[in-house]
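So the chains spell out like this:
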Amino acid sequence: MEENPPVRLLTASVINQLCHQLDIRPTKQLGQNFVTEPSAIRKIVREAGVEAGDQVLEVGPGLGSLTLGLLEAGARVTACEIDPRLASFLPATIRSHASGAAAQMFLIQKDALKLVPADLTGLSSVDEEAKDAGIERGRKAPDVSSVSSRDFSPKILVSNLPYNVAVPVLLHLFAAFPSIKRALVMVQKEVALRLCALPGNKVYGVPSVKIAWYGQARMGSEISRRVFYPQPNVDSALVEITRETNPLDIGVLEGELGNLSSRAGSAGEKEVERQEVFNLVDQAFASRRKMLRAGLKSWAQPLAAESLLQACGIDPTARPENLEVKQFVALARLRRALLAGFENFSESAATSGEQTDSEAVSAACFDPGCGGKTGKKIGIASANAKINLFLACGESVAGYHRLSTVFQAVSLKETVEITLQPNGIDLEVSYSAPPGAVGYHPGRDQEALADLDPQDNLATRAFMLVAEHCGYQGGVRIQLNKQVPVAAGMAGGSADGAAALLAANQVLEAGLSREELAELAASLGADVPFGLYGGTCFADRRGDRITPLPPAKRLHLVVAVSPETLPTPQVFKQFDQVGAEQAITPTLPEISPLLEALYAGDFGSLAKLVRNDLQASALLLIPQLKATMELARELGGIPFISGSGPSVICLVDGAAKAEKLAAELAQLEQVAYTLPLVFSPSRQNLSGKQWLA
Ligand code: C5P
C-alpha cells in the first residue's frame, strides 16, 4: 500500500514567505499571531493528548501551523476561520504540506462566536474541494460519502485562540457543542490564570466561575513570545478544560439524591439554569467590592438577599470572589424555586376558608378580658397536623438524628383552650371527627392516650414554660380538642404543645415573640416549633430549626390511619440498624426541585421526589403498611409514610379521587380510619422577604 507523504509543519521562513506572498499582515483587530516553531506546535498537540482519529475543532487556524500539527497526529480537524483571505488560502497550504491528510481536514469560514453544530455537518474536506474543482475541468467525481463531515461532532477543542475574544469564544463553544469534552487552548497568560483561578484568588472572576460551570480548568505550559510572528507584547500559556459529566450538579446533588436532579435534567432546563447562573455571576461581580448581601439586593428581589444567602449556607458578608460555582448554582436554584411559590401565596389565602393557622385562630378568639362578668381569662389557639414530604435522616448526635425535612401542614388541627383558675392543673381531652373522615372512631386515639399523665402532656408542659417565664403561679384548666391521630407520625402531640404555647402567651400576656416561642417549643420536642408556623416549611438540625417557605399548591391527600401506634424513638432505633450509613442530609437549595414541583403542583415530579428515610424502618416494624401503600398506588395515589409513621399518606389528584381513595382504603383490615385532607397554607402574613427568615 502506498504510504501518505509525511506532514510538513510550517517554519518561520515559510510563514514569512506566505505572509509576504499573500500580502497578509496579521491584524490586531482579529488578534492574529501565527506560531512559527514546529516544536511549539508539537508541544501543544502533545498536551492536548490528540490521538489518531480524534475529532478536533480548531478556531482561528490562520496560516495552518496548528492545523498541520493536528493532522500530523492523525486527527480529523474542522477549522473555523473568520478571516476570508486566510480561509480561502488555507486549503492550498494543507494540500501542499499534508497532501495525504487533506481528506481529514474541513474548513468553515465563520465567526466562531456564531458557530453551531449544524455548521459542521455536510462540509466537504479540503481534499474533496480540490477534486470538485477538478470535476469542473472534466475529471471523475469522487466518492463523497467517505470524506464528507456529515457526522462530525468535535470531542476536543484545540486552538491558538484569538486573544481578544478568547473567553467569549471558549464559553460559547462549551455551551453550543456539548460533544466537546476537553479543550486545550492557548491564550494570553493573564487570561489563563483567570480561567484557572480558585475562589479567594485575586484574579478569580466571571471567567473563572463560568468556566468552572462547565468543568475543571488547569494551567498548561507557558509558551514563549519568540515562537510567534509577529511577536506579541504579552505572554501566552496553555489551559486545559475538562468538561464535568454533569455540570448542573457539580457537588450539589450526589448519590442517593441524584433523583432530585431529574427534573432539571433535560437539555432545555439545563440551558435555562445556565443562563440564570451566568446572570447571577455577572450581577455579583458587577459590584465586586460589595458584600453579597448588598451586591445581590436587586438580583434577589422580591426576596431578601441576606435570607437567601443564609439559606444557602453562605455568609452574607462574603464577597463574590469567595463563592464557588456550586454556591452560585445553589443561590440561583433556590431563588427560582421560591419565586414559583410566590404565585401560590395570594391563591392560597383566597381559597382557604378554614381556620387553620395557629396564630389566626389565637388572635381571633383571644380576649384577655373575655368571660365578661365572670372575669375569666381564656386563650384559645390551634395548630395543624403535619406530614413530611421529604425527610432525610443523618447520623445521631446526643440522642437525636440530624434531619433535613420539608413539613407540610394539613387540614387537621388540635385546639387548645386555656382558662386561668386560682389553683390546680386540670386537663380535659375531647375528640372531634375530622370532616369527611371514613370509619372514624375516637376509640383508637383514646386508648393510645389512656396512660398519659396530664403533667406529661405537651400542652401542660408548654403552659408551664410560659407561666415560668412570666412568673405566673396560679392554676389552669387546659381543654384539648383532638383531631390529629395519636402517635401516627403527624405531630398531633407536638401541635398540642405549639397551640398551648400560643394560647398561654395570650392568656398570660407574656408578649413572647414567635422566635422566643420557637425556642421554648424546641425544648418541648423536635416537631413542636413547626406547629407555630404551619404552611410549608423546611427544617434542619433535629427538625427544630424552621425556615418558612412560600405555600405549596393546595394538593389533596388521604391519610390511612393504622390501628397500631409507633413510638418515634423505636423507629429511629430501627433506622440506626438498617439505614444509618446513608447520612446525607441535603440543604435547602439541594431540594429546590422538590419545592418547584410542590409550587407547580406537578404530580409526576412529586412522585419521584417525595422521600422518607424512616419509611423502611416503619415498614419493618409494621409490615402490613406495605399492602396499604400498594393498594393506594394501584388506585393512582402517591403513597408514603409520614414522619416516623405509621400513617400512610397518599397524595391524590383532586377531591373526587381523594374521596374515592378514602372509601377504598378504609375497607382494609389494617386501616383504622381514613381522612381526606388538603394542604393548609400558613396564615402568617409573610412577604417574600420573610420567607426563609
Ligand atoms: O423531640 P421528640 O421528643 O419529639 O423526639 C422523640 C424521640 O425521637 C427522641 O427522643 C429521639 O429518640 C427521636 N428523634 C431522633 N431524632 C430527631 C427527632 C427525634 O432521634 N431529629
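A quick note: this is a predicted structure, and the numbers were derived from the prediction, not measured.

1. Focus on empty space enclosed by the protein
The tally for this structure, following the rule as stated, stands at 2 cavities of 30 Å³ or more. By volume, the second largest cavity amounts to about 60 Å³. Taken together, 12 residues make up the lining of the second largest cavity; nearest its centre are Pro551, Ala552, Phe679, Ser680 and Pro681. Looking at the lining of the second largest cavity residue by residue, the classes come out as 4 nonpolar, 6 polar and 2 charged.

2. Examining the sheet that holds strand 5 (residues 156-160)
Across the sheet, which stays open at both edges, the 7 strands sit in the order 4-3-2-5-6-9-7 with mixed pairing between neighbours. Lying at the two open borders of the sheet, with one neighbouring strand each, are strand 4 (105-109) and strand 7 (215-223). Across the sheet, the mean angle from the axis of one strand to that of its neighbour is 20 degrees, orientation sign disregarded. Summarising the sheet, strand 5 and strand 6 (residues 182-188) pair through 5 bridges and their orientation is parallel. Pairing of Asn160 across the sheet is with Met186, part of strand 6. Sheet contacts for helix 4 (residues 84-97): strand 3 (76-81) and strand 4; angle to strand 4, the most-contacted strand, approximately 170 degrees.

3. Digging into the layout of surface pockets
Each pocket or cavity is described by its volume, and for the largest pocket that value is around 1,100 Å³. Considering the residues around the largest pocket, the lining is formed by 47 residues, among which Leu458, Ser494, Asp527, Thr568 and Pro569 are closest to the centre. Elements that contribute at least two residues to the lining of the largest pocket include exactly strand 10 (378-397), strand 11 (400-421), helix 15 (443-449), helix 16 (458-470), strand 13 (475-482), helix 17 (492-507) and helix 20 (568-578). Residue composition of the lining of the largest pocket, by class: 23 nonpolar, 15 polar and 9 charged.

4. Regarding helix 21 (residues 592-600)
Of all the 9 residues making up helix 21, 8 are buried; the element is thus mostly covered by neighbouring parts of the structure. Every buried residue of helix 21 is listed here: Ser592, Pro593, Leu594, Leu595, Glu596, Ala597, Leu598 and Tyr599. Gly601 sits one or two residues past helix 21 and shows a positive phi near 65 degrees.

5. Some thoughts on the packing of aromatic side chains
Tallying each qualifying case throughout the model produces 9 aromatic pairs. When the centroid spacing of 5.6 Å and the interplanar angle of 85 degrees are considered together, the rings of Trp213 and Tyr214 count as edge-to-face. A single burial state applies to Trp213 and to Tyr214, both of which are buried. Between Tyr440 and Tyr673, the aromatic rings sit 4.9 Å apart at their centres with planes inclined by 80 degrees, giving edge-to-face as the arrangement. You can see Tyr440 sitting in the loop between strand 12 (425-431) and helix 15 and its partner Tyr673 sitting in strand 20 (residues 673-678), a full 233 residues away along the chain.

6. Digging into the site of the ligand
Residues in contact with the ligand, as listed here, are Gly399, Tyr400, His401, Leu403, Gly525, Ala526, Arg542, Thr568, Pro569 and Phe572. One of the backbone N or O atoms of Ala526 is found 2.8 Å from an oxygen atom in the ligand. Contact between the ligand and Arg542: a nitrogen atom at 3.0 Å from a main-chain N or O atom of the residue. Protein chains bury 75% of the 460 Å² of accessible surface belonging to the ligand in isolation. Looking at the shell around the ligand residue by residue, the classes come out as 5 nonpolar, 4 polar and 1 charged.

7. Focus on the packing of helix 6 (residues 166-176) against helix 8 (residues 206-214)
Interhelical geometry of helix 6 versus helix 8 gives an angle of 20 degrees and a closest axis separation of 10 Å. For the element pair helix 6 / helix 8, the angle class is roughly parallel. The two elements helix 6 and helix 8 meet at a crossing, and its hand is left-handed. Contacts between helix 6 and helix 8 involve Val167, Leu170, Leu171, Phe174 and Ala175 from the former and Pro207, Lys210, Ile211 and Tyr214 from the latter. For the contact of helix 6 with helix 8, the class distribution of residues is 8 nonpolar, no polar and 1 charged.

8. Details of the environment of Glu273
Turning to its location among the elements, Glu273 is positioned in helix 9 (residues 267-286). For Glu273, a relative accessible area of 2% puts it in the buried group. Taking C-alpha positions, Glu273 is 7.7 Å from Arg333, a pair spaced 60 residues apart along the chain.

9. Here's the deal with helix 24 (residues 625-634)
Where helix 24 is concerned, the buried positions are Leu625, Thr628, Met629 and Ala632. The arc that holds the buried residues of helix 24, viewed along the axis, is 95 degrees, so those residues lie on one side. Summarising the contacts, the buried residues of helix 24 are in contact with strand 16 (556-561), helix 23 (615-621), strand 18 (638-641), strand 19 (648-652) and helix 25 (655-666). Taken from the residues just after helix 24, Gly636 is the one with a positive phi, measuring 95 degrees.

Rules used in this analysis
- Residues numbered from 1 in each chain as written.
- Predicted model: local features only at pLDDT ≥ 70, side-chain atom pairs only at ≥ 80, totals over all residues.
- Heavy atoms only, no water.
- 1 Å grid on protein atoms, 1.4 Å probe; cavity = no way out; pocket = protein on both sides within 12 Å on 5 of 7 lines; lining within 4 Å.
- Points joined across faces, edges and corners; volume = space filled by probe spheres on them.
- Nonpolar A, V, L, I, M, F, W, Y, C, P; charged D, E, K, R; others polar.
- Pairing = 2+ DSSP bridges.
- Helix = DSSP H or I, 4+ residues; strand = E, 2+ residues; numbered from the N terminus.
- Axes fitted to C-alpha atoms, helices over the stretch in contact; angles between N-to-C directions.
- Contact = heavy atoms within 4.5 Å.
- Buried < 20%, exposed > 50% of the residue type's maximum accessible area, 1.4 Å probe, protein only.
- Phe/Tyr/Trp six-rings, centres within 6.5 Å; stacked < 30°, edge-to-face > 60°.
- Near = heavy atom within 4 Å.
- Polar contact = N/O pair within 3.5 Å; in protein donor to acceptor, adjacent residues only side chain to side chain.
- Areas by Shrake-Rupley, 256 points an atom, 1.4 Å probe, with all protein chains shown as cover.
- Parallel < 35°, antiparallel > 145°, perpendicular 65-115°, else oblique.
- Left-handed = near helix turned anticlockwise from the far one by under 90°.
- Arc of directions from axis to C-beta.

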